Amino acid sequence: MDSRPSKRLLVSACLAGTNCTFRGKNNLNDKIKKLVDSGTAIALCPEVLGMLGVPRERIELRGGDGNDILDGKARVISSKGGDFTMRLISGSYKVLDEAKRYGITDAILKSNSPSCGVGRIYDGTFSNNLKNGDGVLTALLKRNGIKVMSEREELYGK
Ligand code: SF4
């Protein structure tokens, strides 16, 4: 008998209303919160699981995107110059472990984030400009066969 929990969808915790952004706020999306409240989705934050703390220094990816981070070709840098590369990789792997435990097949993650961004992320200059690429968690989930979309995509209808 398959004893795994029945949820198959992962969402960024901040979208479900958890105050886990670097400012200690959330990015509540009512529709995504309902998915969590109904038991359809689980909500996790790779930066919290990476022990970056709340609130925390703002981070961005310098020298590449999430795939480059995973390949050791880029760094996760804070606005104060700290290097959080290993912590964010660790937090992302913790999310992946949970995703595997739940049999997650799909994820809805927060757009533009250095961790959760899908296709576009902040460019590493802390100037609110974007560049092409996935966040670290997004890249890791995709490498493991999980389909990832941002909350701005409307695959789930409105
Ligand atoms: S890492 Fe992801 S879940 Fe955590 S606050 Fe940032 S966007 Fe939200």
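Note: the structure precedes this text.
Since this is a predicted model, take the numbers as computed values, not measurements.

With respect to the packing of aromatic side chains
With the rule as written, the count across this model stands at zero aromatic pairs. A cation over a ring is seen here: Arg58 above Tyr122, with NZ or CZ 5.4 Å from the ring centre.

Describing the sheet that holds strand β2 (residues 41–44)
The sheet built from four strands is open, its strands ordered β2-β1-β5-β8 with parallel pairing. Two strands close off the open sheet at either side, each with one partner strand: β2 and β8 (147–150). Taking each pair of neighbouring strands and ignoring which way they run, the sheet shows an average axis angle of 25°. Of the strand pairs in this sheet, strand β1 (residues 9–12) and β2 are connected by four bridges, and their pairing is parallel. What sits directly across from Leu10, in β2, is Ile42.

With respect to the site of the ligand
In the neighbourhood of the ligand, 14 residues make up the surrounding shell, with Cys14, Cys20, Cys45, Glu47 and Cys116 lying closest. For the shell around the ligand, the class distribution of residues is seven nonpolar, four polar and three charged.

Section: helix α1 (residues 30–37)
Of the residues flanking the start of α1, the one acting as N-cap is Asn29, its side-chain oxygen 3.0 Å from the backbone nitrogen of Lys31. Positive phi appears at Gly39, one or two residues downstream of α1, with a value of about 85°.

A short note on the pairing of strand β5 (residues 106–109)
Here β5 shows two buried faces, one formed by Asp106 and Ile108 and the other by Ala107 and Leu109. The pairing of β1 with β5 spans three bridges and is parallel. Within β5, the position partnered with Leu9 by the bridge is Asp106. In this sheet, β8 lies alongside β5 in parallel orientation, the contact comprising four bridges. Note that in β8 the partner of Ala107 across the bridge is Val148.

Topic: the nonpolar core
Formed by 30 residues in total, the largest nonpolar core has its most connected members in Leu10, Leu109 and Leu141. For this core, the secondary-structure elements that each account for two or more residues are β2, β3 (59–62), α3 (66–70), α4 (85–102), β5 and α5 (136–143). Counting twelve residues, the second largest nonpolar core, distinct from the first, contains Leu9, Cys14, Cys20 and Cys45.

Conventions and cut-offs
- Residues numbered from 1 in each chain as written.
- Predicted model: local features only at pLDDT ≥ 70, side-chain atom pairs only at ≥ 80, totals over all residues.
- Heavy atoms only, no water.
- Phe/Tyr/Trp six-rings, centres within 6.5 Å; stacked < 30°, edge-to-face > 60°.
- Lys NZ or Arg CZ within 6 Å of the ring centre and 35° of its normal.
- Pairing = 2+ DSSP bridges.
- Helix = DSSP H or I, 4+ residues; strand = E, 2+ residues; numbered from the N terminus.
- Axes fitted to C-alpha atoms, helices over the stretch in contact; angles between N-to-C directions.
- Near = heavy atom within 4 Å.
- Nonpolar A, V, L, I, M, F, W, Y, C, P; charged D, E, K, R; others polar.
- Polar contact = N/O pair within 3.5 Å; in protein donor to acceptor, adjacent residues only side chain to side chain.
- Buried < 20%, exposed > 50% of the residue type's maximum accessible area, 1.4 Å probe, protein only.
- Core = buried A, V, L, I, M, F, W, Y, C linked by side-chain atoms within 4.5 Å.

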